[in-house]
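# Close look at the chain arrangement
The chain contents come next:
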Protein chains: 2
Amino acid sequence: MADFSKKYGEYLDEFNSYLNKFCSQLKLQPQILDESLKYSLLLGGKRVRPVLALATADLLGLAHEEILDFALAIELIHTYSLIHDDLPAMDNDDFRRGKPTNHKVFGEGNAVLAGDGLLNTAYSTLIKACYKGKNYVSAAEFICACAGVEGMIAGQSADLLHENDISVNESVLNFIYENKTSKLIMAPVVSASILCGGKYFSELKWYARTLGYLFQLTDDILDVEGSFSDLGKSVGKDKTEGKYTAVRLFGLEESKLRADMTCESCKKYLEGIKGDFSFLADFADYVKSRKK
Amino acid sequence: MADFSKKYGEYLDEFNSYLNKFCSQLKLQPQILDESLKYSLLLGGKRVRPVLALATADLLGLAHEEILDFALAIELIHTYSLIHDDLPAMDNDDFRRGKPTNHKVFGEGNAVLAGDGLLNTAYSTLIKACYKGKNYVSAAEFICACAGVEGMIAGQSADLLHENDISVNESVLNFIYENKTSKLIMAPVVSASILCGGKYFSELKWYARTLGYLFQLTDDILDVEGSFSDLGKSVGKDKTEGKYTAVRLFGLEESKLRADMTCESCKKYLEGIKGDFSFLADFADYVKSRKK
């Protein structure tokens, strides 16, 4: 995994540079809007989605400059969703990445606007890319579908609706996993394929969908087994808030077994691809064994 | 104004039919997401922006089918902004169009998601239109800029920031008027021009910018002089919440004089246009004399 970590670091640095440049060119009024957007954007984080975008681009032979704006838009969407999700009316989280959440620093009204602002900025970036032709419009459309009312928003709505349900069932859990998490993990991987005219569309779509499922599985496990110092956010909240999780449905040990199986099937989808997919395969192992 | 009212009614019916059809085709899961989006979308309202889009299309000889999706996207954006603006952390309004606000019916968390969902759906509509060519991308880009962090969001942020300021000054007031209100009034008028290759771009841009200013002026005046039964929302809130308004800066009588002057200059911008701009001119009078 030494090669994987090195390559991850390179992708991370490349994306963070791009993001920093983007932020330094953005000078918003009033200042509190500028600060609140950048506070959450520059809080660090694993940049899972942008790294996936760059790695898939490399696998498909797509130049990074073609995918970076899409990676940026997806990270903006991800960041907006965290800000709104952390609000008292939603998950009510005080910490994110070891720092106070946006509404704790700027107040709830400004946090709502910061999220709205990031979402608008994501779409501004995507629409500007649409000038370049049909594949770009198609990639933008896919990302939008992943984020929207038949994607992430539907997942968050179901997550909120089923809080404190007395019984849990697998079909609701799958709906939440698929929409709340998988869709926005699919966005960077599949949009890279679309930009290449749909190259390995099916293999990459199933890989990313399963990777998203794995990501949420480990998230649920880490909420039980992880620590605040590693995760940078409160742990044990799923249970106290009656969240619909795999751990609640299957138990901890069964969830870990399922994570192992999901990781294997995730990698299996890559086997139809001619090319060096080792980074994407290692990515699945990384997601499974992550501590944060 | 009899002709104006008849024509307004026709535009309104046409747009409402389009919106109803759009809503009936949208079947979202979970049901609460479906209900909360449609609740606010179908609450009625004057549909000022869609009517402006259709009227400008007629003035420029643009087929309605070319502009309807843009009108729809703008109304979705407008509706999302009302839901988020009504939240307790923002303007804390219990009534909108004579009915309980979204968060009073569905709870705050669902209201945040309903707003997010409408914004995503607006951009989904705009991105789909981008397949049709560069003018469509350009119109979508303009609308996005009007709604975003250098448009409406900036205005709302400033509005929130300057609540309860002890002193008010005209430059801050203009910033709020321009961004919070004018930009999204410009969106339907200017995007119609862009779809026609920029026909009468400057005239229409200045007309709409000034109309937006007039709209906010009368809004401020109605908050003092209007009634709950006409407006369908609480009145007198600007004063109790220390809002930055024209009435507070200039006084009521001076604000009314300014509304008269703004209405006249608004109509003046239309004079450079060859064609029957009487509906848009009457629209300014309608905005000035409205009771709701």
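Residues numbered from 1 in each chain as written. Chains lettered and ligands numbered in written order. Predicted model: local features only at pLDDT ≥ 70, side-chain atom pairs only at ≥ 80, totals over all residues.

## Describing the relation of the copies chain B and chain A
Between chain B and chain A, the superposition needs a rotation of 180° and an axial shift of 0.0 Å, giving an RMSD of 0.0 Å. The transformation relating the two chain copies, once decomposed into turn and shift, fits a two-fold axis. (Least-squares fit on C-alpha atoms with pLDDT ≥ 70 in both.)

## Observations regarding helix 7 (residues 134-147) of chain A
Between its terminal C-alpha atoms helix 7 of chain A stretches 20 Å, which fits the 20 Å expected from 14 residues at 1.5 Å a residue. The element helix 7 of chain A is largely enclosed, with a buried count of 10 among its 14 residues. The complete set of buried residues in helix 7 of chain A reads Tyr136, Val137, Ala139, Ala140, Glu141, Phe142, Ile143, Cys144, Cys146 and Ala147 of chain A. The inward-facing, buried residues of helix 7 of chain A abut helix 4 (64-86), helix 6 (108-129), helix 8 (152-161) and helix 9 (170-195) of chain A together with helix 6 (108-129) of chain B. (Helix = DSSP H or I, 4+ residues; strand = E, 2+ residues; numbered from the N terminus. Expected span 1.5 Å × (residues − 1). Buried ≥ 20, exposed ≤ 12 C-beta atoms within 10 Å, placed from the backbone. Contact = placed C-beta atoms within 7 Å.)

## Digging into the environment of Ala53 of chain A
All names here are of chain A. Assignment of secondary structure puts Ala53 in helix 3 (residues 48-60). Ala53 sits in the buried class, given 30 other C-beta atoms within 10 Å. For the pair formed by Ala53 and Tyr244, sequence separation is 191 residues and the distance between their alpha carbons is 29 Å. Not counting residues up to four positions away in its chain, the partners in contact with Ala53 are Ile67, Phe70, Ala71, Ile74, Pro188 and Ala192.

## Concerning the confidence of the model for chain A
Reading fine detail from the predicted coordinates is not recommended where pLDDT is low. A residue-level look at chain A finds 100% of positions with pLDDT of 70 or above and a mean pLDDT of 96. The complex prediction reports pTM at 0.98, with the ipTM value standing at 0.97. (pLDDT = per-residue confidence, 0-100.)

## Quick notes on the interface of chain B and chain A
Residue-level contacts link 43 residues of chain B with 43 residues of chain A. Of all the secondary structure elements, the ones that give two or more residues to the side of chain B that touches chain A are helix 2 (31-41), helix 6, helix 7 (134-147) and helix 8 (152-161) of chain B. It is helix 6 of chain B that provides the largest number of residues to the side of chain B that touches chain A, a total of 15 residues. Among the residues forming the side of chain B that touches chain A, the class breakdown is 26 nonpolar, 11 polar and six charged. (Nonpolar A, V, L, I, M, F, W, Y, C, P; charged D, E, K, R; others polar.)

## Some thoughts on unusual backbone geometry
Gln29 of chain A connects to Pro30 of chain A through a cis peptide bond whose omega is -10°. Its location among the elements puts Pro30 of chain A in the loop between helix 1 (2-25) and helix 2 (31-41). The backbone of Arg47 of chain B sits at a positive phi, close to 55°, despite the residue not being glycine. Structurally, Arg47 of chain B is set in the loop between helix 2 and helix 3 (48-60). A positive phi angle, near 55°, is found at Arg97 of chain B, a position not held by glycine. Take Arg97 of chain B: there are 15 C-beta atoms within 10 Å of it, and that puts it in the partly exposed class.

## Points about the packing of helix 3 of chain B against helix 15 (residues 278-289) of chain B
Residue and element names in this part refer to chain B. Contact geometry for helix 3 and helix 15: axes closest at 9 Å, N-to-C directions at 150°. One finds that helix 3 runs roughly antiparallel with respect to helix 15. Here Leu52, Ala55 and Leu59 of helix 3 come into contact with helix 15, specifically with Phe279, Leu280 and Phe283. Class assignment of the residues belonging to the contact of helix 3 with helix 15 gives a composition of six nonpolar, no polar and no charged. (Axes fitted to C-alpha atoms, helices over the stretch in contact; angles between N-to-C directions. Parallel < 35°, antiparallel > 145°, perpendicular 65-115°, else oblique.)

## Comments concerning helix 3 of chain B
All names here are of chain B. End to end, helix 3 covers 18 Å across 13 residues, agreeing with the expected 18 Å (1.5 Å per residue, within 8%). Where burial is concerned, most of helix 3 is hidden: 11 out of the 13 residues are buried. Turning to helix 3, its buried residues number three or more, namely Val48, Arg49, Pro50, Val51, Leu52, Ala53, Leu54, Ala55, Thr56, Ala57 and Leu59. Contacts from the buried residues of helix 3 go to helix 1 (2-25), helix 4 (64-86), helix 9 (170-195), helix 10 (201-225) and helix 15.

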